[in-house]
Amino acid sequence: MFRQRPDADLLVQGWVVGVMVEIAGERAPVRHYFGVGKPERARAEWAAVDLALEAGAVASSPYRGTEPVEAIREIVAYRMRELGLKPGEIRALGDKFPRRWLPVQTES
């Protein structure tokens, strides 16, 4: 019989990743956000970079103390279900701060 772990809903299943993208006409790189359904932080960051390359070149160095690629917050299993993010899925969240995905703003 299948037994689920009591803390299964609290296991990390994804990440919210910010990627600084250089867009033509913009003076500075613009941070784009991605919801990535991969539990490993490094794989989630690389998956976000691959999708960010469709918008433009990824910044090559930090800008005003912000890293070009940064896993901002982990997403636990129950939150992934609430947000509709499937395992392995990569979702572009845009360049505005994703309040629904990150309820507390971490940027200044």
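Side note on the pattern of salt bridges
At step 1: Going through the model one piece at a time under the given rule, you end up with five salt bridges.
At step 2: Here R31 makes a salt bridge to E70, at a shortest N to O gap of 2.6 Å. Placement of R31 in strand β2 (residues 30–36) and of E70 in strand β4 (residues 69–76) is noted, with a sequence separation of 39 residues between them.
At step 3: Given the relative accessible area of 11%, R31 is considered buried.

Remarks on unusual backbone geometry
At step 1: Unlike most non-glycine residues, R64 shows phi in positive territory, near 50°.
At step 2: Note that R64 resides in the loop between β3 (57–58) and β4.
At step 3: Taking the relative accessible area as the measure of exposure, R64 reaches 74% and is therefore exposed.

Calculation notes
Residues numbered from 1 in each chain as written. Predicted model: local features only at pLDDT ≥ 70, side-chain atom pairs only at ≥ 80, totals over all residues. Heavy atoms only, no water. Salt bridge = Lys/Arg side-chain N within 4 Å of Asp/Glu carboxyl O. Helix = DSSP H or I, 4+ residues; strand = E, 2+ residues; numbered from the N terminus. Buried < 20%, exposed > 50% of the residue type's maximum accessible area, 1.4 Å probe, protein only.

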